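Structural description and commentary
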Amino acid sequence: MLFNEQGYIDIDEMLAQEPSFRKIMEDGVVTADELREQTDTVINLLHEVENKFTNEQQQLVKRLFAETNVLSAIYRYYELQNIR
């Protein structure tokens, strides 16, 4: 489910399969309304996690969220360094 045959998380494949991403990207343009709508979707999911998960589970999700964003940020920096 989370990992591919090589043991890696295939984020690109996850995005490609996500209906919200496909809908937003079908015209190749991301609008302010689509950004707001997706932001609301994420906020609603986080509220659902907050309401259904134990404090320990919430902390794990929070850490996962933070570390995933760290990974995303350093990938961007890495790519920028290699452009020069």
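Treat the numbers as computed from the prediction; the structure is a model and nothing was measured.

A few words on the pattern of salt bridges. Where side chains of opposite charge bring their charged atoms close, a pairing between them can arise. One pass over the structure, following the stated rule, counts three salt bridges. The shortest N-O distance in the salt bridge between Lys52 and Glu48 comes to 3.2 Å. Here the residue Lys52 and the residue Glu48 both occupy positions in helix α3 (residues 32-52), the gap between them amounting to four residues, near one helical turn. What makes Lys52 exposed here is its relative accessible area of 61%.

With that out of the way, let us pick up the packing of α3 against helix α4 (residues 55-83). Their axes nearest at 10 Å, the elements α3 and α4 cross at an angle of 150°. Between α3 and α4, the angle is such that the two are roughly antiparallel. For the pair α3 and α4, the sense of crossing is right-handed. Facing α3, whose interface residues are Val42, Leu46, Val49 and Glu50, α4 presents Gln58, Val61 and Phe65. Broken down by class, the residue content of the contact of α3 with α4 amounts to five nonpolar, one polar and one charged.

On to the confidence of the model for the protein chain. Averaged over every residue, the pLDDT of the protein chain is 92; the share at 70 or more is 98%. Put simply, helix α1 (residues 11-17) is where the protein chain has its lowest mean pLDDT, 86, and α3 is where it has its highest, 96.

Basis of the calculations
- Residues numbered from 1 in each chain as written.
- Predicted model: local features only at pLDDT ≥ 70, side-chain atom pairs only at ≥ 80, totals over all residues.
- Heavy atoms only, no water.
- Salt bridge = Lys/Arg side-chain N within 4 Å of Asp/Glu carboxyl O.
- Helix = DSSP H or I, 4+ residues; strand = E, 2+ residues; numbered from the N terminus.
- Buried < 20%, exposed > 50% of the residue type's maximum accessible area, 1.4 Å probe, protein only.
- Axes fitted to C-alpha atoms, helices over the stretch in contact; angles between N-to-C directions.
- Parallel < 35°, antiparallel > 145°, perpendicular 65-115°, else oblique.
- Left-handed = near helix turned anticlockwise from the far one by under 90°.
- Contact = heavy atoms within 4.5 Å.
- Nonpolar A, V, L, I, M, F, W, Y, C, P; charged D, E, K, R; others polar.
- pLDDT = per-residue confidence, 0-100.

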